[in-house]
Amino acid sequence: MTELPVLTSPLLDLAGLRHAFFTRQGGVSEGIYASLNVGKGSADDPEAVLENRRRAAAWFGLPEGALNTCYQVHSAVAVEASEPWNGIRPEADGVVTRRQGIACGALAADCAPILFADPKAGVVAAAHAGWKGALAGVAEATVRKMEEAGAKPAHIIAVVGPCIGPDSYEVGPEFRERFLADDLGAARFFHQDEGADRPRFDLPAFVLDRLRHAGVEACEWIGRDTCAEADLFFSNRRAFKRGEPDFGRLLSAIALV
């Protein structure tokens, strides 16, 4: 089993589960993608990406083909995986399984990855929740798909991984209005410092709120800001601010063992 630098949550440190929020460290990619870039959609060397995915899968004791990640489209769609996908990527933003030998994974570079588990039912999942997917209901969709696989919301544990933090996510007023049009109560997820031109959005708090509305009470954010910690994480926003042409993607994954 390959040992890579990872972050974990005590909530998911349970018998029968293995989970990891991988950092950008421990891979073979170079330059702006250094080093554990797992994003097939990036302009990185495809062989380097494949090797990075092999290393991440090996951390779970699995082949790369058993690392099931979606072609993420910022949707509220979750799918169940009954076998390794071997490189096939369905268009979705959540993946659920009740089978051993599969790692459910989500890619992100500021968006919020979510890892789920119902240890009683033996069901795990991973979801990608950018602001669009979170607002559309990807957390709730993943919980529903877990229910179809035998899970119960009251038994589900969910952890939001490294994502852009509330102090880094500056947004425009039209962004805020889009959330308020859906729910006036969403105002509590925005703050604006005195003298600041633009508000800031608390993505992890918003995702946790959606999880609780879906019946998941045991949930937390791991508390790491991808935009602020360049040595550990890739960040879309940071790359844009630096004028970089692209960015790597981080992996968060969970498996039954």
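None of these values were measured; they are calculated from a predicted model.

Draft legend 1. Structural view of empty space enclosed by the protein. Evaluation of the coordinates by the stated rule reveals 1 cavity of 30 Å³ or more. Its boundaries defined by the atoms lining it, the largest cavity holds a volume of some 40 Å³. As for the largest cavity, its lining consists of Lys40, Arg53, Leu67, Asn68, Thr69, Trp85, Gly87, Ile88 and Arg89. Of the residues belonging to the lining of the largest cavity, the class tally is 3 nonpolar, 3 polar and 3 charged.

Draft legend 2. Summary view of the nonpolar core. Among the nonpolar cores identified, the biggest contains 40 residues, and Ile114, Phe116, Phe179, Phe201, Val207 and Leu211 are the most heavily contacted of them. Put simply, the parts of the chain that give this core at least two residues each are strand S7 (112–118), strand S8 (123–129), helix H2 (131–136), helix H3 (138–148), strand S9 (157–160), helix H4 (173–182) and helix H5 (203–213). At 5 residues, the largest contribution of residues to this core is made by H5. In this structure, Leu17, Ile157, Val159 and Phe247 belong to the second largest nonpolar core, which totals 27 residues.

Draft legend 3. Up close: the packing of aromatic side chains. Inspection of the entire model under this criterion finds 16 aromatic pairs. A ring pair is formed by Tyr169 and Phe201, whose centres lie 5.7 Å apart and whose planes are at 65°; its orientation type is edge-to-face. Placement of the pair is Tyr169 in the loop between S9 and H4 and Phe201 in strand S11 (residues 200–201), with a sequence separation of 32 residues. A single burial state applies to Tyr169 and to Phe201, both of which are buried. An aromatic cluster is defined as three or more aromatic residues linked by ring pairs; in this entry it consists of Trp131, Tyr169, Phe175, Phe179, Phe189, Phe190, Phe201 and Phe206. Sitting above the plane of the Trp59 ring, Arg18 keeps its charged end 3.5 Å from the centroid.

Definitions and limits used
- Residues numbered from 1 in each chain as written.
- Predicted model: local features only at pLDDT ≥ 70, side-chain atom pairs only at ≥ 80, totals over all residues.
- Heavy atoms only, no water.
- 1 Å grid on protein atoms, 1.4 Å probe; cavity = no way out; pocket = protein on both sides within 12 Å on 5 of 7 lines; lining within 4 Å.
- Points joined across faces, edges and corners; volume = space filled by probe spheres on them.
- Nonpolar A, V, L, I, M, F, W, Y, C, P; charged D, E, K, R; others polar.
- Core = buried A, V, L, I, M, F, W, Y, C linked by side-chain atoms within 4.5 Å.
- Buried < 20%, exposed > 50% of the residue type's maximum accessible area, 1.4 Å probe, protein only.
- Helix = DSSP H or I, 4+ residues; strand = E, 2+ residues; numbered from the N terminus.
- Phe/Tyr/Trp six-rings, centres within 6.5 Å; stacked < 30°, edge-to-face > 60°.
- Lys NZ or Arg CZ within 6 Å of the ring centre and 35° of its normal.

Shape is all these values report; function is a separate question.
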